[in-house]
Every structure is written in C-alpha cells, then in structure tokens.
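Working through the structure, step by step
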Amino acid sequence: MSPPRSLGIAVALVAIAMTGVRAKPEPDAAQQIARTATEAGQAAKAAEARAAELDKAAALERDGEARARAEQAAAAQRIKAAEAEQAAAEARVALLDRLLARQRTAFAERQRPALELVAALQAMARRPAVLALAQPGSAQDLVHVRATLASLLPALEARSAEVRADLVRSRALRIATARAVAELKQHRLALESRRLAALQLESEHRLRAMTLGREALVESDRALVLGEKARDLVADQARRESAAQVRSDLLGLAGPLPRPGARAERASGPSPYRLPVTGRLVTGFGEISPAGVRARGPAFAVQQGTAVLAPAAGAIVYAAPFAGYGQVVIVDHGKGWTSLLSGLAMLAVRPGSRVARGERLGTAGPRVTVELRRRGQPLDLTQLLD
C-alpha cells in the first residue's frame with residue numbers, strides 16, 4: 001500500500017470518528033407532531049381542571065337533577081381530557097417512531113463506511129509478514145495502519161455504544177408511551193361507563209320530577225276542591241247564623257204593626273216597625289225596573305207635602321240631599337238594623353239626633369222609597385207588617 005493511500009485511509013477514519021452518529025434536527029413534520037402533543041397535553045390539563053370545578057359544583061348542589069347534570073358535565077370533561085391525553089400520547093409515539101427510524105438510518109449510514117474500513121484494515125493486519133517483506137513499503141504501511149487502527153477503534157466503539165444506548169432509551173420510552181396509551185384507552189372506557197351512569201341518574205331524576213309534578217297537580221286539584229267545600233261550608237254557616245240572628249231579632253219584636261190608618265192597636269202593644277207614609281204602592285220589593293235595576297224596597301206614590309214618619313225608633317246617621325234621590329234620611333235602629341228613606345222634599349231632622357217611632361222626619365215628595373236593611377242586606381219589610 002502506498003503512502004498516499006495510507007494517508008487517505010487515516011484521514012477517512014478521523015473524519016468518521018469526528019462526525020458521530022447523533023440525529024440531525026427533525027424536519028417540519030416532526031416539529032408539527034411535537035407541537036400537537038404539547039397542545040393536546042395543555043387541553044387535557046384544562047379539561048381536567050374544568051372537571052374538578054364541576055365536581056365541586058355538583059357536591060354543593062342540593063337539587064338532585066341539577067347535581068346529576070353537573071356530574072354528567074364533569075364526566076364529559078374528563079372524557080375530553082382523556083381523549084386529549086390519548087392524542088398527546090399517540091403524537092409522542094409517532095414522534096419517537098420517527099426519531100428511532102432516523103437514528104437507525106443515520107447509524108447504519110455512518111457506521112457502514114467505518115465498518116468496511118475497519119474490515120479492510122483488519123484483513124490487512126492479518127496478512128502474513130512474509131508477504132509484507134516481499135513488497136517494498138508494505139511493512140511501513142502495515143505498521144502505520146495498525147497504529148491508526150489502534151488509536152481510532154476506542155473512539156468508534158465509544159460512539160457506537162452511545163448510539164446503542166440512545167436506541168435502548170428510545171425503545172424503552174416507546175414501550176412506556178404505548179403502555180400509557182393502553183391505560184388511557186381503559187380510562188376512556190371507564191369514563192364512558194361513568195357518563196352512561198350519569199345519564200341514567202339524570203333520567204331517573206327527571207322521571208322522579210315528572211312523577212312528583214303529576215302528584216303535586218293531583219294534590220293541588222284536591223286542595224282546590226277541599227277549599228271550595230270549606231268555603232261553601234263557611235258561607236252556609238254564615239247564612240245559618242245570619243238567619244238565626246234574624247229569626248232571633250224577629251222573635252224579639254212585639255209583633256207586626258197594624259195597617260197604616262188603622263186607629264186601634266193590638267192588645268199586645270204597638271209594633272216596633274211601621275210604614276213611614278200612606279200611599280199607592282208603585283214598585284214592590286225585588287221588582288226589576290225597565291232599566292234592569294232590582295228594587296231594594298217598596299216605593300209609594302203619595303201626595304206631595306205628606307208627613308214622613310220614622311218607621312221605628314233610632315238615631316239619625318244621615319240627613320241630606322243625594323243626587324237623583326232627593327232628600328235622604330238613614331235611621332239606625334241598632335243591632336245592625338237600618339232604614340233608608342229617599343224622595344223627601346224637606347227634612348225635619350239632623351244627623352246625630354234620635355227619633356221615636358212615628359216621629360216626623362220631614363215632608364214627602366211625589367214618590368217615597370223605603371229600604372229596610374239588616375247588616376247592609378236589604379230585606380222585605382212586608383214580613384214585619386200585619
């Protein structure tokens with residue numbers, strides 16, 4: 001082997017030793033995969049944080065249906081987090097696959113020239129010494145090649161060991177990532193089961209709410225019916241009490257008064273109530289006028305200027321003109337009994353004064369109306385007359 005050739009072999013060995021077998025920077029595809037893995041990891045953390053917030057809200061919620069909805073939303077967020085973590089893990093696996101393939105390719109490409117050169121040098125070193133003595137310059141080349149090989153082999157072996165260690169670490173990381181992907185798939189299945197359980201719980205709460213709503217409507221209708229019955233009973237009781245009070249008051253009276261104009265009185269004494277005027281009956285109690293108004297007392301057509309007398313003893317609570325009714329007098333007989341007389345032409349009494357039965361209240365106009373009331377309710381006064 002000539003000196004120029006041996007020098008070229010040495011230069012090639014030094015270049016291989018100085019170059020190394022580390023992988024070059026990944027192209028855009030690898031960077032995109034790494035960016036995808038990072039974004040997926042961030043999305044997973046955000047979804048997990050949101051799920052934790054929803055769990056807290058569900059724990060504080062007292063309403064069962066709202067709590068079920070919050071738990072369902074939390075389960076959905078955890079599913080979203082699991083999917084994001086799975087996407088990140090798959091991106092990491094893809095990136096590791098690319099790095100591992102690239103490292104293998106680079107290692108094979110860079111190791112091949114060195115291996116071929118080392119094989120050639122080893123073949124030359126194993127040549128018999130007799131052949132080296134037969135060629136001029138062979139002994140010197142042989143010594144030089146052996147010395148160079150002895151100095152470079154440790155460096156090559158060290159770099160090869162580093163590459164093999166990187167490959168071992170890459171394989172281990174890939175196995176761990178694949179295991180994480182499998183675990184995430186199992187976690188996703190568990191979360192799907194939890195989501196289905198939450199949906200079932202929400203359906204049960206909705207069904208329960210619908211059932212309670214129907215029961216509440218039934219109870220509400222029943223309460224309305226009972227309330228109507230109670231009001232009817234109260235009204236009936238009030239009518240009975242009013243009738244009993246009227247009956248008691250009527251029984252307490254001395255008896256009906258004689259007809260107006262009668263001279264003789266009953267042997268039992270004068271009646272506590274009488275007609276205030278004598279005249280022709282124009283409208284009876286309860287009759288409906290052409291205008292559709294029901295009469296609340298009898299109306300008499302009398303000669304104008306006729307004296308109007310108090311139908312019973314009592315206190316004057318009102319004595320003044322009223323639009324459309326002429327002069328009006330209201331006599332309070334006590335115990336809820338009152339008499340209202342309208343259509344007077346002139347008044348002879350003032351509010352606050354007391355009158356006896358038959359005492360003059362004023363003079364009549366052409367028409368006088370008398371209303372007998374018991375606690376504000378008009379009554380037929382003919383029942384008190386003979």
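Look a little higher up for the structure.
Residues numbered from 1 in each chain as written. Predicted model: local features only at pLDDT ≥ 70, side-chain atom pairs only at ≥ 80, totals over all residues. Heavy atoms only, no water.

**Brief notes about the overall build of the protein chain**
Counted only if it meets this: Secondary structure elements are taken from DSSP: a helix is a run of H or I of four residues or more, a strand is a run of E of two residues or more, and numbering for both begins at the N terminus. Between buried and exposed lies partly exposed: a residue is buried under 20% and exposed over 50% of the maximum accessible area for its type, with that area taken using a 1.4 Å probe on protein chains only. In what follows, residue pairs with any heavy atoms lying within 4.5 Å of each other are defined as contacts. In short, Shrake-Rupley with a 1.4 Å probe defines the accessible areas, and a residue's cover is counted only from the protein chains shown.
Assigned secondary structure in the protein chain consists of five helices and nine strands. For the protein chain, the residues scored as buried account for 31% of the 386 residues in total. Taking the intrachain contacts of the protein chain between residues at least 6 apart in sequence as the baseline, contacts between residues at least 24 apart amount to 67%. If you sum the accessible surface of the protein chain, you get close to 24000 Å²; carbon and sulfur atoms cover 58% of it.

**Quick look at the environment of M346**
Within the fold, M346 resides in strand β6 (residues 337-347). Residue M346 is classed as exposed on the basis of its relative accessible area, which comes to 55%. For the pair M346 and G305, spaced 41 residues apart in sequence, the C-alpha separation works out to 8.5 Å. What M346 contacts, discounting residues up to four positions off in sequence, is Q327, L361, G362 and T363.

**A few points about the side chain of T283**
This is how it is decided: Within 3.5 Å is the distance limit for a polar contact, defined as a pair of N or O atoms, with the added protein rule that one can donate a hydrogen and the other accept it, and that residues adjacent in sequence qualify only through two side-chain atoms.
Note on placement: T283 falls in strand β1 (residues 280-283). Among the polar contacts made by the side chain of T283, one reaches the side chain of R367 at a distance of 3.1 Å. The residues touching T283, leaving out its near neighbours within four places in the chain, are A295, G297, P298, A299 and R367.

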